[in-house]
Amino acid sequence: MRIDIPEGKDPIEYVWGEMVPGIGPAASRYSMAVYAHTTLGLREFEAARLRVAQLNGCAFCLDWRTERDGHTVEDGFADAVADWRTTTAFDPRTRLAAEYAERYTVDHHGLDEEFWSRMGAHYSQLQIVELSMCIGSWLAFGRLNHVLGLDTTCRLPSAPSPRAPSPGASSPKASPAS
């Protein structure tokens, strides 16, 4: 860990809350909003999230699986995400979500008209903006946690899994940084 944590303090709560009280809680709310308010399907959401986690190297994010209504992606999904170009496990939207996450993370200048044409064929403009905000959140916060060495100490303080709410359901209490 790159940050000295006082004895008895939870590293995540200390760094994200106490150290930077004007920034950390707001960043946490943004991170939570990605899970609480997404309209994206679970597979495309997880394909993008896991691809960012793979590229960031965040240990916690790599181990995390988003749950919705008691469902998570199948075993082996993370392997398929790593092999998004050739896997037969993905429909076009899921493959495109993994591709977008990778390109956003490692070569955002290379997002050309051909790519945007494919995105527009499979995602509405609203969904593109939402996916972009999700990827941005995972990139920033997962990388922050990894760079500071917090990713091996991450834990969720009050909920076992962030969930996108079912219609009429309340928002989750906590979510990971990525």
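The structure this text deals with has already been given above.
1. Some thoughts on helix 3 (residues 42-56)
Along an α-helix, a turn takes 3.6 residues, which lines up residues three or four apart on a common side. Spanning 15 residues, helix 3 covers 21 Å between terminal C-alpha atoms, matching the ideal 21 Å at 1.5 Å per step. Burial analysis of helix 3 places 12 of its 15 residues in the buried class, the great majority of the element. Taken together, the buried positions of helix 3 are L42, E44, F45, E46, A47, A48, R49, L50, R51, V52, A53 and N56. Residues of helix 3 that are buried in the fold lie against helix 2 (24-36), helix 4 (59-63), helix 5 (77-82), helix 6 (92-106) and helix 8 (125-147). Phi for G57, located one or two positions after helix 3, is positive at around 80 degrees.

2. A few points about helix 1 (residues 11-19)
Turning to helix 1, its buried residues number three or more, namely P11, I12, Y14, V15 and W16. N-cap assignment for helix 1: the residue whose side-chain oxygen lies 3.1 Å from the backbone N of I12 is D10.

3. So, the pattern of salt bridges
Under the counting rule described, the total for this entry stands at 10 salt bridges. Across the pair E74 and R43 runs a salt bridge, and its minimum N-O distance is 2.7 Å. In this pair, E74 sits in the loop between helix 4 and helix 5 while R43 sits in helix 3, placing the two residues 31 residues apart along the sequence. Residue E74 is classed as partly exposed on the basis of its relative accessible area of 38%.

4. Concerning the packing of helix 6 against helix 7 (residues 113-122)
Between helix 6 and helix 7, the least distance of the axes is 10 Å, while the angle of their chain directions is 140 degrees. Between helix 6 and helix 7, the angle is such that the two are oblique. Crossing hand, helix 6 versus helix 7: left-handed. Listed contacts from helix 7 to P92, R93, L96, E99, Y100 and R103 of helix 6 are F115, W116, R118, M119 and H122. Taken together, the residues that form the contact of helix 6 with helix 7 break down as 6 nonpolar, 1 polar and 4 charged.

Thresholds applied
- Residues numbered from 1 in each chain as written.
- Predicted model: local features only at pLDDT ≥ 70, side-chain atom pairs only at ≥ 80, totals over all residues.
- Heavy atoms only, no water.
- Helix = DSSP H or I, 4+ residues; strand = E, 2+ residues; numbered from the N terminus.
- Expected span 1.5 Å × (residues − 1).
- Buried < 20%, exposed > 50% of the residue type's maximum accessible area, 1.4 Å probe, protein only.
- Contact = heavy atoms within 4.5 Å.
- Polar contact = N/O pair within 3.5 Å; in protein donor to acceptor, adjacent residues only side chain to side chain.
- Salt bridge = Lys/Arg side-chain N within 4 Å of Asp/Glu carboxyl O.
- Axes fitted to C-alpha atoms, helices over the stretch in contact; angles between N-to-C directions.
- Parallel < 35°, antiparallel > 145°, perpendicular 65-115°, else oblique.
- Left-handed = near helix turned anticlockwise from the far one by under 90°.
- Nonpolar A, V, L, I, M, F, W, Y, C, P; charged D, E, K, R; others polar.

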